[in-house]
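# Fold and contact review
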Amino acid sequence: MKNILLSFALLFVLGCSRTSPAITEYKIEASSIQNQNFQKSCEQKSLTVSQVFVSSSLMSKKMKYIVGKYKEYAYNESAWAENPNRAISDAIVKSLEGTNIFKTVDSYKSFSRSDYTLESRVDDFSQHFSEDEKSSFVKVDISFSLIDNKTSKIVANKHIEKRLDVKEANAQSGVEALNEALKETLLEMSQWISGSCI
Amino acid sequence: MNNKVNYTLIGILVLFGLSMMFGFAYWMLKPSTDADTQKYLIYFNESVFGLNLDAPVKYRGITVGKVTRLRINPKNTEQVEVTVDILKSTPIKENTVAKLTAQGITGLTYINLTQGKNDAPPLRAKSGQKYPVIKTVPSFFEHFERSLGNVSSELSSTLAKTQQLLNQKNQEEISRLLQHSANIMNKIDKLLDEKTVAHFQQSMNNLDKITYKVDHLIPTIDRFILKSIAWEKDITKSFDSIKDTYVNMDKTMDNMAVSFSDSALTFEKMSHTINNTMLESQNMMIDLESTLEELKRNPSDILYKKTEQRKAPGER
């Protein structure tokens, strides 16, 4: 019995002796949108931003990339600091708060009742590589729906798709490009939503 | 017996008595002196039948003068000029009027003076007049005659209109109307035969019975009304009670509504919290699923990490 226990302990020690590569965590953060002329239709309204609907691959901190059309891999040494679905939701809240389009903007965690709810569906938020993995671009594809909470009906919707080339074919450049594409997407969304209130 | 009669004394006494009688008659019939009376003229536009010389002139029933002359007015033959002497003490004024008045059934007439307002000025002779002229008013007979004349003319007018109304055509119409009336009366007469009259009498009897019954019923109705009033009071109390109950129910419902609202709010918050928790759980489940998938693919990874790692672009 003693020998069996010693054998298991040895196995654990041998397992823990293996080293893993260092992982760099990246943040999703769209820089704030300011000094833009937005419409005033929503000035007296309140908005709740619901958590974005994403595919399961964006619900993990694993940073995935696509090679060619169909192959999907995950970076070994890079990861998201936060699940993309949460991070994108927070980015939407932050950008809308900075624009002052609405009287108040709350996240889905808030208990307050609002006039409108913004639902978002992220169809793509990833880095794409060519088959030879020498060139890369990022793609952001998000659909927005503005819902009137009194009637629970969609007041307006908008589909925005952005594609930006990546400077260098690596994770950091990909993250930078994704953040830039997200910023452009949120700017376009802000302009659309500012004129969508009834 | 020596019957010595002093005829001289008797003659003296008789003469004295006669003189006293004449003196008394003279005193009685002595005309007033000109110094005591005033002459007035009165012009009548009517007949002065029954008015004689020395006929009295009365002021409110008191003889104050007499008629001294009667004649046709030489300037207007339709008038009779009567000259009267009236005591100066009589208040003859501008508005004094003379009226011929019959003296009983004798046919004699006297002149009656009537005064108007007391503050009127005394009557004076105007320029061109020898004596003051007293105004006249028609006598009763004159007035009656005039009224009679008016009545006569009105009667004549009425008769003319009646004659006009009763022309041939209207007479025919009236005849027809009378004929119709007769027909209607005949029909009514037929209608009101003995049977109908009996029915009518029966109806009246029935009405009488109904009235009798109603008279007897009224006290019952009164009692019913009194009971109704009491019943109404009871009903009012009941309604008040129901109203109070409803008010209390309303308050209870309000409280329940508040409770339900609070519960709904609490439930909503709870639901919200559960929803957020479920979202977090979903993320965790996806991570767990991914990990389990990797372990399923290579169970030895749990200790030795034997799976070969593919180098991602940009990774060393």
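Residues numbered from 1 in each chain as written. Chains lettered and ligands numbered in written order. Predicted model: local features only at pLDDT ≥ 70, side-chain atom pairs only at ≥ 80, totals over all residues.

## Things to note about the overall build of chain B
Along its length, chain B carries four helices and seven strands. Secondary structure elements in chain B, listed N-terminal to C-terminal, are α-β-β-β-β-β-β-β-α-α-α. Put simply, chain B has 316 residues, and 8% of those count as buried. Summarising the internal contacts of chain B: among those between residues at least 6 apart in sequence, 57% fall at separations of at least 24. (Helix = DSSP H or I, 4+ residues; strand = E, 2+ residues; numbered from the N terminus. Buried ≥ 20, exposed ≤ 12 C-beta atoms within 10 Å, placed from the backbone. Contact = placed C-beta atoms within 7 Å.)

## Regarding the overall build of chain A
Scanning chain A from terminus to terminus reveals three helices and eight strands. When the elements of chain A are put in sequence order from the N terminus, they spell out α-β-β-β-β-α-β-β-β-β-α. Of all 198 residues assigned to chain A, the portion counted as buried reaches 33%.

## A word on the interface of chain B and chain A
Across the contact, 17 residues belong to chain B and 21 residues belong to chain A. The class makeup of the residues in the side of chain B that touches chain A is six nonpolar, six polar and five charged. (Nonpolar A, V, L, I, M, F, W, Y, C, P; charged D, E, K, R; others polar.)

## Some words on the pairing of strand S8 (residues 153-165) of chain A
Judged from the twelve bridges that link them, strand S7 (residues 136-148) of chain A and S8(A) form a sheet pairing that is antiparallel. Directly across from A:Val138, in S8(A), lies its bridge partner A:Leu164. (Pairing = 2+ DSSP bridges.)

## Observations regarding helix H1 (residues 7-29) of chain B
Relative to the 33 Å expected for 23 residues at 1.5 Å per residue, H1(B) spans 32 Å between its end C-alpha atoms, a close match to the ideal helical length. The element H1(B) is largely exposed, with a buried count of zero among its 23 residues. (Expected span 1.5 Å × (residues − 1).)

## Considerations on the environment of B:Gln79
Residues and elements named next belong to chain B. Note that Gln-79 resides in the loop between strand S3 (62-72) and strand S4 (80-87). Once the C-alpha coordinates of Gln-79 and Asn-45 are considered, the two residues, 34 residues apart in sequence, prove to be 4.8 Å apart. The contact partners of Gln-79, leaving out residues within four places of it in the chain, are Tyr-43, Phe-44, Asn-45 and Asn-73.

## Side note on the pairing of strand S2 (residues 46-49) of chain A
Summarising the sheet, S2(A) and strand S5 (residues 104-107) of chain A pair through four bridges and their orientation is parallel. When the bridges of S5(A) are listed, A:Leu47 appears paired with A:Val105.

## Description of the sheet that holds strand S6 (residues 109-114) of chain B
All names here are of chain B. Read around the closed barrel, seven strands run S1-S4-S3-S2-S6-S5-S7, paired in mixed fashion. Mean inter-strand twist for the sheet, computed between neighbouring axes without regard to direction, equals 35°. Two strands pair when backbone bridges link them, and strand S5 (residues 97-102) and S6 are joined in this way by six bridges, in the antiparallel orientation. For Thr-101, the partnering residue across the bridge sits in S6 and is Tyr-110. (Axes fitted to C-alpha atoms, helices over the stretch in contact; angles between N-to-C directions.)

## A word on the nonpolar core
Among the nonpolar cores identified, the biggest contains 47 residues, and A:Ile88, A:Ala91, A:Leu96, A:Leu178 and A:Leu182 are the most heavily contacted of them. Among the elements of the structure, S2, strand S3 (62-67), strand S4 (71-80), helix H2 (84-99), strand S6 (116-129), S7 and helix H3 (171-194) of chain A are those that each provide at least two residues to this core. The element contributing the most residues to this core is H3(A), with nine residues. When sequence neighbours within four positions are dropped, the list of residues in contact with A:Ala91 reads A:Ile28, A:Glu29, A:Ala30, A:Leu182 and A:Leu186. One finds B:Val67, B:Val80, B:Ile86 and B:Ile111 within the second-largest nonpolar core, a separate group that totals 17 residues. (Core = buried A, V, L, I, M, F, W, Y, C linked by C-beta atoms within 7 Å.)

## Description of unusual backbone geometry
Leaving glycine out, the prevailing phi sign among residues is negative, and the prevailing peptide bond configuration is trans. In this model, A:Glu133 sits at a positive phi of 60°, which is unusual for a non-glycine residue. Counting through the fold element by element, A:Glu133 comes out in the loop between S6 and S7. You can call A:Glu133 partly exposed: it has 17 C-beta atoms within 10 Å. Its identity as a non-glycine residue notwithstanding, B:Arg60 has a phi of 55°, on the positive side. Judged by the 10 C-beta atoms lying within 10 Å of it, B:Arg60 falls in the exposed class.

## Quick notes on the confidence of the model for chain B
Parts of the prediction with low pLDDT should not have their coordinates interpreted in detail. Residues and elements named next belong to chain B. Per-chain confidence: chain B averages 86 in pLDDT, with 94% of residues scoring 70 or above. Per-element confidence in chain B is highest for S4, whose mean pLDDT is 92, and lowest for helix H2 (residues 140-165), whose mean pLDDT is 82. Both scores are given for the predicted complex: the pTM is 0.50, the ipTM 0.72. (pLDDT = per-residue confidence, 0-100.)

## Details of the environment of A:Pro84
Residues and elements named next belong to chain A. With respect to the helices and strands, the residue Pro-84 is situated in helix H2. A count of 25 C-beta atoms within 10 Å places Pro-84 in the buried class. A sequence separation of 57 residues divides Pro-84 from Lys-27, and the C-alpha atoms of the two residues are 8.9 Å apart. Those residues in contact with Pro-84 that sit more than four places away from it in its chain are Ile-28, Val-54, Leu-58 and Phe-125.

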